[in-house]
Amino acid sequence: MTLREIFRLSHRELVAYRTRSVATVVTVGALFGLLLMILFAVQGLENIVFRYARDATGGEVFLVSDYKDPDLVRERIQEYDGKIVIFSTEELEKLGGELPETTVVAKFTDLKKAYAYYAKGDKTEWGYDSEKCQIEEIYSNQMGVYRYFREKNQDLVWPVTVVLVIVSAFILAFTMAHLIASSTKTFVLYRSIGATRGQLLMIYFVYLMELCAASALFAVAVALILAGILTAAFWNYLSTQLHEFYPEASSFWPILIGVNWREMAVLVSMFMVAPVSFLLCLDQFSNKKIAQKLKGD
């Protein structure tokens, strides 16, 4: 049996048992689609808030540091790829006048490095008192936004994602196992025309991967539709709230659809579950198991 024939027979399973296949795709796709919708919406909200927060500076982060050892502050700024900024008289007046001699203003173009400097997680490495080292952002609040969504992702979104992936994975595994267990007569048919056990395994493995691919596409479609509905429902509310919080910023569409690595991880997990469920059902392909099921039928 050639590889082409294996793919043809696996696709035949998908077409021949259309109702069963569609039910599997809808069930699995809906579960993962709900999870993807949550991830789309949260990332989309983060994206739109950051667009407003970055508008004042074009994405650059300006941090004012005040510490008894300005030289240490300058070294830390250089370590995180920041640049020292010297303000003009007009700029100082906008900030409230002259700054203390121990104050250093720095500009960062990399948000993550700016936050690493701002969070002061290197206090042990550099040997300074983080409580006495005051760092504040001027012109915008990108550090506050970054910290807020980082905490929400760690404390809420990530745990919910892990739980839903595990639950959805178990449902997917049991669904796959049921499909294999209910195909005994088809196993006998393929064996009667000369298919080896290895070829039989390959046919159903490809069949399961086809179901996973269809489920993944359905999940993405469901997630985009639900995220679109969510966007429409909260469009006016988000626009109003963001304009009130950032009155001088430009207007941006509050689209609650964003892409990140977690969404890719969820889709990859779908394809990882299929081989695991397949391995758990290998005994279903043994001659002894097939004979027992035929007697039961």
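These lines cover the structure that appears in this document, whether it is placed above or below. A quick note: this is a predicted structure, and the numbers were derived from the prediction, not measured.

### Focus on the overall build of the protein
Within the protein, the regular secondary structure consists of 11 helices and four strands. Evaluated residue by residue, the protein yields a buried proportion of 43% over its 297 residues. By sequence separation, contacts in the protein at least 24 residues apart represent 84% of the contacts at least 6 residues apart. Carbon and sulfur atoms provide 60% of the accessible area of the protein, an area that totals close to 16,600 Å².

### Thoughts on helix α3 (residues 70-79)
Residues of α3 that are buried include every one of Pro70, Leu72, Val73, Arg76 and Ile77, and no others. Across the axial projection of α3, the buried residues extend over an arc of 155°, all falling on one side. Facing away from the buried surface of α3 by more than 90 degrees, the exposed residues are Gln78 and Glu79. Residues of α3 that are buried make contact with β1 (61-66), β2 (83-84), β3 (103-108), α5 (111-119), α6 (123-126) and β4 (134-138). Phi turns positive one or two residues past the end of α3, at Asp81, with a value near 60°.

### Here's the deal with the packing of aromatic side chains
Scanning all chains against the criterion turns up 14 aromatic pairs. Each ring, one from Tyr67 and one from Tyr128, has its centre 6.1 Å from the other, and the planes form 70°; the classification is edge-to-face. A residue pair is termed long-range when its members are at least 10 positions apart, and Tyr67 in the loop between β1 and α3 and Tyr128 in the loop between α6 and β4 qualify at 61 residues. Like Tyr128, Tyr67 is buried. Geometrically, the ring pair formed by Phe245 and Tyr246 is edge-to-face, given 5.0 Å between the ring centres and 70° between the ring planes. Taken together, the aromatic side chains of Phe50, Tyr115, Tyr118 and Tyr146 make up a single cluster linked through ring pairs.

### What to know about the packing of helix α2 (residues 18-54) against helix α9 (residues 197-245)
Viewed as axis vectors pointing N to C, α2 and α9 meet at an angle of 35°, and their least axial separation amounts to 5 Å. The hand of the α2/α9 crossing is right-handed. Of the residues in the contact of α2 with α9, the class split is 27 nonpolar, six polar and one charged.

### Considering the side chain of Ser269
Secondary-structure assignment places Ser269 in helix α10 (residues 261-280). Assessed through its relative accessible area of 13%, Ser269 is described here as buried. If near-sequence neighbours (up to four positions away) are discounted, Ser269 is found in contact with Phe32 and Val165.

### Comments concerning a nonpolar patch on the surface
A grouping of Trp158, Val162, Ile166, Phe170, Phe174 and Trp261 is seen on the molecular surface, where their side chains present a nonpolar patch of about 670 Å² in accessible area. Note that Phe170 resides in helix α7 (residues 142-181).

### Comments concerning the packing of helix α1 (residues 3-16) against α2
Two numbers describe how α1 lies on α2: the axes approach to 5 Å, and their chain directions differ by 90°. Between α1 and α2, the angle falls in the class roughly perpendicular. Along its contact with α1, which presents Glu13, Leu14, Val15 and Ala16, the element α2 presents Arg18, Arg20 and Ser21. Classifying every residue of the contact of α1 with α2 gives three nonpolar, one polar and three charged.

### What about the pairing of β3?
Within β3, five of the six residues are buried, leaving the element largely enclosed by the surrounding structure. In this structure, β1 lies alongside β3, joined through six bridges in antiparallel fashion. Following the sheet pairing, Val61 is matched in β3 by Phe108. Inspection of the sheet shows β2 paired to β3 by two bridges, in the antiparallel sense. Bridging from a neighbouring strand, Lys83 pairs with Lys107 of β3.

### Considering unusual backbone geometry
Residues other than glycine seldom take positive phi values, yet Asp81 does so here, at roughly 60°. Counting through the fold element by element, Asp81 comes out in the loop between α3 and β2.

Calculation rules
Residues numbered from 1 in each chain as written. Predicted model: local features only at pLDDT ≥ 70, side-chain atom pairs only at ≥ 80, totals over all residues. Heavy atoms only, no water. Helix = DSSP H or I, 4+ residues; strand = E, 2+ residues; numbered from the N terminus. Buried < 20%, exposed > 50% of the residue type's maximum accessible area, 1.4 Å probe, protein only. Contact = heavy atoms within 4.5 Å. Areas by Shrake-Rupley, 256 points an atom, 1.4 Å probe, with all protein chains shown as cover. Arc of directions from axis to C-beta. Phe/Tyr/Trp six-rings, centres within 6.5 Å; stacked < 30°, edge-to-face > 60°. Axes fitted to C-alpha atoms, helices over the stretch in contact; angles between N-to-C directions. Left-handed = near helix turned anticlockwise from the far one by under 90°. Nonpolar A, V, L, I, M, F, W, Y, C, P; charged D, E, K, R; others polar. Patch = residues over 30% accessible without salt bridge, like charges linked within 9 Å, V, L, I, M, F, W, Y side chains within 5 Å. Salt bridge = Lys/Arg side-chain N within 4 Å of Asp/Glu carboxyl O. Parallel < 35°, antiparallel > 145°, perpendicular 65-115°, else oblique. Pairing = 2+ DSSP bridges.

No statement about biological role is implied by the geometric values presented.
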